[in-house]
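Each chain is listed here by its residues.
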Amino acid sequence: MTTLTARSPRRSALTRNRLPRFAPWASLAVALIVGAALSTIVGFNAFGWGIFSALAFTFVFVAWSAAVEGSRKAKDKLATCLVVGAFLIALLPLVSVIWTVLVEGTKGLATPGFLGTSMNGVSGIQDNESATAGTRVLGGIYHSLMGTLLITLWATLISVPIGLLTAVYLVEYGNDGRISRAITFFVDVMTGIPSIVAGLFAAAFFATLFGPGTKTGFVAAVALSVLMIPVVVRSSEEMLKIVPNELREASYALGVRKWRTILKIVIPTAISGIASGVTLAIARVIGETAPILVTAGFATKINMNVFADWMSSLPTFIYTQILNPTSPSNPGPSLQRAWGAALVLIICVMILNLIARLVAKFFAPKTGR
Amino acid sequence: MTKAADETAHALPKGPEVTTTQTKTPEQSGGTPKLSSQGGAAGDRIFSGAALTAGIIILVVLCAVAVFLVAQAFPALVAPQDQIASGKGFWQYILPLVVGTVIAAAVALVIATPISIGVALFISHYAPRRVAQILGYVIDLLAAIPSVVFGAWGISFLAPALVPGYNWLASTLGWIPIFSGPASATGKTLLTAAVVLAVMVIPIITSISREIFLQTPKLHEEAALALGATRWEMIRMAVFPFARPGIISAVMLGLGRALGETMAVALVLSSGPLIASLIQSGNQTIAAEIALNFPEASGLSLSTLIAAGLVLFVITLVVNVIARWVISRHKEFSGAN
C-alpha cells in the first residue's frame, strides 16, 4: 500500500508502460560496446564501428520498446531510427566528397603558379620529371578558369534576357492562355533535358550552320543556355508572382503604362529574388561537363575568343586530366592538378550559392505579409 | 485619343474602374501626357511583343533540339546497317546501351528512394523546426556539387572503398546473377556508378518530397495524433496518402536525372559489353558512351552518337512528361484543400 501511494503521483496509469528517460542513452552505450565487439571480429575501423553500433542501437532500442511498450510504440521507434539513419547516410557522401576535395585539392592549389599558368607546353616529360625527381608540378588552370568564366558569361547573357522576358510574359501577359500553358509545359520539359543532349543539340545546330566540327566557346554557351533558361524562367516566374497585385493596381491608377509598371514597379520589387535565382542558375551550369566536352573540346592554351577555336573549362579540365593523364605512366601530377581544379570549382559554386542566399535574404522585398 | 484610350483599356486586365481612372487622367491634365501616352502605347506593344517573342523562342528552341538531332542523326538511321558500329547495325548497337542506362538508373533509384524519403521526413516531421531549414540547405549542398567532382570522388575514393564489399557479395550472394563473381578488383563497376548516381539523385527527390510533406493538411495530422496515433502511424495515415502522387513524380524526376547523367558514369564505370552482374566491369550507358566517343567521332560514327543522344532524349522526355503530368494532376487535387 505504501509503495503504491509513493509511486502513484509519478507513474499514473497513462504513463505506466513507458520506457524510462535514460532508455536511449542506455541503448546507445550497449550498442557502442556491441558494435565495437562485432567490428573487431570483422577487422576494426571507425566506419565499421559506426555502422554496427547504429544497427545494434536500433535493435536494442526497438526490442526494449517492444517488450515494455508494445508493438505500436516499437514500430514508431523503429521508424524514427530509420528516418534519422537515412539522414545520416545522406550526409556521409557529402562529408566524404568535401573532405576528399579539400585534402587532395589544397596540394594542387598551393602549388605556385597553379592559378596563373596554363597547360601550354606541359607534357608527359615534365610530369615524369616531377613524379620521379619530386620537382614542382608544372602547369595550371588559368586557361580553364578563363574559359569557364567566358562561357558562363555568354550563357548568362543569352539566357537571362530570354528567361526573364518569358517569365514576364507568363505572369503579366499570358493570362493562362494556350501559349502560356504551352510555354510552362515545355519549360518543365526543358528542365529535364539531359545535359549531354543539350550539348549534342548545340553541336548539331552549329554543325548544320557552319559545317561539321565547329567547336568554340560560343557553341558551349548556347548549350549551357538550353540548360539555364528553364531555371531562370521558373525562379523569375515564382518571384514575379509574389509581387503584390496592389502595387500594380496603384501604378495603373496613376495612369502609368503597363510596360513602365513592369519595368519600374514589378521587376524592381522582385529583383532580389530574380538575382538570386539567376545566381543559382549560374551555379548550376558552371559545373556542367558533358555539354562543354562535346561543344568546345578541350584546349591546353589560353583562348580568350569565344567565337574561334577550342576552349578549355574547369570541368572538362578535371575530366581530361583524370581520364587521360598528361603522362600516362605517372598520373600523379595530373591527378593533383585535377583535384586542385575541383577545389577551385567547388569554391566557385559554393560562393555563388552563398551570394544567392544572401541576396535573397538581405534585399528581399517588403511584401507586408 | 480614342485610339490611345482603347490601347490602354486593352492593356489592362483589371476591372473597369481602373480603366476609367486611367483614361480620364490625360484629359484632365492637358496635352503633354497625351504625347507621352502615345509613346507609351508603342512601348507597350514593343514590350509585350518582346515578352511574347522570348516565350516563343523557348518553344522554337525545344523544337529545334528535336529537329537538329533528327537531322544529324538521320544518316545513321538510313545508312546500311552493316556500316554502323563496326558492322553491328544501329539497333544492335543501341539496345545494350539502353538496357545499361535503365539498369544503372533503376539501381540508383532503388538506393536513393528510401533514403530520400527518410531524409525528407526527417526534415519535415522529425527535426526540431529551428534546425530543419538549415538541414535542408545542407542537403541542397549535395545538389550544388558539380557532377564531375562526384565522378572524381567515385573513381578515387568510392570505387576502392567498395571492393571488399563486392568481394563479400560475390562470395556469399554469388548465386544471384546480379552479384555473380569474380568481383572487379578496381571497383569500377555498374553498382559503383549507380551509388554515385544515387548520391546525385537524393537531393532532387528529397527537396520535392519535403515540399509535399510540408503541404500535408495540418488538420489531418492533428486529427490522427488526437486519436492516439503515434508519430509513425500519423505519417502513414495522414502524410503518405496525401503525398503519394508527389513522391511518385519526385522519383520520376530523379529517374530523368539518373538516366541522363553523364560524367559520373563516364569516369567511374569501366565499360564493356552488357552483362548481368553488377559487380564486374562491363555494361555502358548512352550518355557515357557519347561523352567517351564524341571527341574522336566523325562522319557516320558521329551521326550514330547523335542518334544515341536522340534515343536518350526521347526516353527522358517520356519519363519527364509522365512526372509532370502526375504533378499537375496533384496540383489540381491539392488546390481543393
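Given the structure is predicted, the values throughout are model-derived calculations rather than measurements.

Asker: Explain the overall build of chain A to me, please; I cannot follow it from the model alone.
Answerer: On a plain count of helices and strands, chain A comes out with 14 helices and zero strands. Moving toward the C terminus, one meets the helices and strands of chain A in the order α-α-α-α-α-α-α-α-α-α-α-α-α-α. At 29 Å, chain A has a C-alpha radius of gyration far larger than the 21 Å of a compact globule built from 369 residues. On the principal axes, the C-alpha backbone points of chain A span a range of 95 × 80 × 35 Å. Residues counted as buried form 49% of the 369 residues belonging to chain A. Partitioning the contacts of chain A with sequence separation of at least 6, the portion at a separation of at least 24 is 76%. Here chain A displays about 17,500 Å² of accessible surface, and carbon together with sulfur accounts for 69% of that area. Taking the average location of the 29 positive side-chain charges in chain A and that of its 14 negative ones, the two points are 11 Å from each other.

Asker: Honestly, the domain arrangement of chain A in this entry has me stumped. Any pointers?
Answerer: A common way to report how large an interface is uses the accessible area buried once the components associate. All names here are of chain A. When the domains of chain A are assigned, the result is domain 1 (21-110) and domain 2 (142-362). Taken together, the contact between domain 1 and domain 2 spans nine residues of the former and seven residues of the latter. Roughly 760 Å² is buried in total at the junction of domain 1 and domain 2, and carbon and sulfur atoms are behind 86% of that figure. For the domain 1 face of the interface with domain 2, the top three residues by lost area are Val101, Glu104 and Leu109, together amounting to 52%. Run the count over domain 1 and domain 2 and you get zero salt bridges. The tally of links from domain 1 across to domain 2 stands at zero residue pairs in polar contact (both at pLDDT 80 or more).

Asker: So what exactly am I meant to see when it comes to the interface of chain A and chain B here?
Answerer: Counting from both sides, the interface comprises 83 residues of chain A and, opposite them, 86 residues of chain B. Here chain A packs against chain B, burying approximately 7,400 Å² in sum over the two surfaces, 79% of which is carbon and sulfur. When residues of chain A are sorted by the area they lose upon contact with chain B, A:Phe87, A:Leu200 and A:Arg257 head the list and together hold 10% of the total. Inspection of the chain A/chain B interface yields two salt bridges. Residue A:Arg257 pairs with B:Asp44 through a salt bridge whose shortest N-O separation is 3.8 Å.

Asker: Help me understand the packing of helix H6 (residues 142-173) of chain A against helix H11 (residues 258-286) of chain A in this model?
Answerer: Relative placement of two packed helices is described by the angle separating their axes and the distance separating the axes. Residue and element names in this part refer to chain A. Between H6 and H11, the shortest axis-to-axis distance is 9 Å and the interhelical angle comes to 140°. It follows from the interaxial angle that H6 and H11 lie oblique. The handedness of the crossing between H6 and H11 comes out as right-handed. Counted together, Thr148, Thr152, Thr156, Val160, Leu164, Val168, Glu172 and Tyr173 of H6 and Lys258, Trp259, Ile262, Val266, Ile267, Ile274, Val278, Ile282, Val285 and Ile286 of H11 form the full contact between these two elements.

Asker: Help me understand the confidence of the model for chain A, please; the structure alone is not making it clear to me.
Answerer: Caution applies to low-pLDDT regions: their predicted coordinates should not be interpreted in detail. In the predicted model, chain A carries a mean pLDDT of 84, and 94% of its residues have values of at least 70. Low pLDDT, under 50, characterises residues 1-8 of chain A; the predicted model gives this stretch zero contacts beyond four residues in sequence or across chains.

Asker: Help me understand the pattern of salt bridges, please; the structure alone is not making it clear to me.
Answerer: Note on pairing: side chains with opposite charge can pair once their charged atoms come close. One pass over the full model with this rule turns up 10 salt bridges over all chains. Note that B:Lys218 and B:Glu221 form a salt bridge whose closest N and O atoms lie 3.6 Å from each other. One end of the pair, B:Lys218, and the other, B:Glu221, are both in helix H8 (residues 218-226), three residues apart, so they sit about a helical turn from each other. On the basis of relative accessibility, which here comes to 6%, the residue B:Glu221 falls in the buried class. One salt-bridge network, held together by shared partners, links A:Asp188, A:Arg234, A:Glu237, A:Glu238 and A:Lys241.

Asker: Whenever I open this one, helix H9 (residues 217-241) of chain A confuses me. Can you help?
Answerer: Structural remark: α-helix, 3.6 residues per turn; residues separated by three or four positions point the same way. All names here are of chain A. Spanning 25 residues, H9 covers 35 Å between terminal C-alpha atoms, matching the ideal 36 Å at 1.5 Å per step. Maximum bend of H9: about 35°, positioned at Leu227, with proline Pro230 one to four residues after it. Among the 25 residues that make up H9, 20 are buried, leaving the element largely enclosed by the rest of the structure.

Asker: Please clarify how the nonpolar core should be interpreted in this entry.
Answerer: Looking at soluble globular proteins, one finds that nonpolar side chains tend to be buried together. In this structure, B:Val149, B:Phe150 and B:Phe213 are the most contacted members of the largest nonpolar core, which totals 188 residues. At 19 residues, the largest contribution of residues to this core is made by helix H4 (residues 90-126) of chain B. The residues touching B:Phe213, leaving out its near neighbours within four places in the chain, are B:Ile117, B:Ala120, B:Leu121, B:Ser124, B:His125, B:Glu221, B:Val239, B:Phe240, B:Ala243 and B:Ile247. If you look at the next biggest cluster of nonpolar residues, it comprises seven residues, including A:Leu19, A:Ala31, A:Ala56 and A:Cys81.

Asker: Honestly, the environment of B:Leu62 in this entry has me stumped. Any pointers?
Answerer: In this fold, B:Leu62 is placed in helix H3 (residues 31-78). Ignoring sequence-local partners within four residues, the contact set of B:Leu62 consists of A:Phe186, A:Val189, A:Met190 and A:Ile193.

Asker: Any chance you could explain the packing of helix H7 (residues 178-191) of chain A against H9(A) here in plain terms?
Answerer: Residue and element names in this part refer to chain A. Relative to each other, H7 and H9 sit at 130°, their axes nearing to 8 Å. The angle between H7 and H9 falls in the class oblique. Crossing hand, H7 versus H9: left-handed. Along the contact surface, H7 presents Val187, Asp188, Met190 and Thr191, while H9 presents Val226, Pro230, Val233 and Arg234.

Asker: So what exactly am I meant to see when it comes to helix H10 (residues 245-253) of chain A here?
Answerer: All names here are of chain A. For H10, every residue scored as buried is listed here: Arg248, Ser251 and Tyr252. Across the axial projection of H10, the buried residues extend over an arc of 100°, all falling on one side. Gly255 sits one or two residues past H10 and shows a positive phi near 85°.

Cut-offs and rules
Residues numbered from 1 in each chain as written. Chains lettered and ligands numbered in written order. Predicted model: local features only at pLDDT ≥ 70, side-chain atom pairs only at ≥ 80, totals over all residues. Heavy atoms only, no water. Helix = DSSP H or I, 4+ residues; strand = E, 2+ residues; numbered from the N terminus. Rg over C-alpha atoms; globule rule 2.2 N^0.38 Å. Buried < 20%, exposed > 50% of the residue type's maximum accessible area, 1.4 Å probe, protein only. Contact = heavy atoms within 4.5 Å. Areas by Shrake-Rupley, 256 points an atom, 1.4 Å probe, with all protein chains shown as cover. Lys, Arg positive; Asp, Glu negative; His and termini not counted. Charge placed at Lys NZ, Arg CZ, Asp CG, Glu CD. Domains from an automatic or database assignment. Buried area = accessible area lost by both parts, 1.4 Å probe. Salt bridge = Lys/Arg side-chain N within 4 Å of Asp/Glu carboxyl O. Polar contact = N/O pair within 3.5 Å; in protein donor to acceptor, adjacent residues only side chain to side chain. Axes fitted to C-alpha atoms, helices over the stretch in contact; angles between N-to-C directions. Parallel < 35°, antiparallel > 145°, perpendicular 65-115°, else oblique. Left-handed = near helix turned anticlockwise from the far one by under 90°. pLDDT = per-residue confidence, 0-100. Expected span 1.5 Å × (residues − 1). Bend = angle between axes of the 7 residues up to and from the residue. Core = buried A, V, L, I, M, F, W, Y, C linked by side-chain atoms within 4.5 Å. Arc of directions from axis to C-beta.

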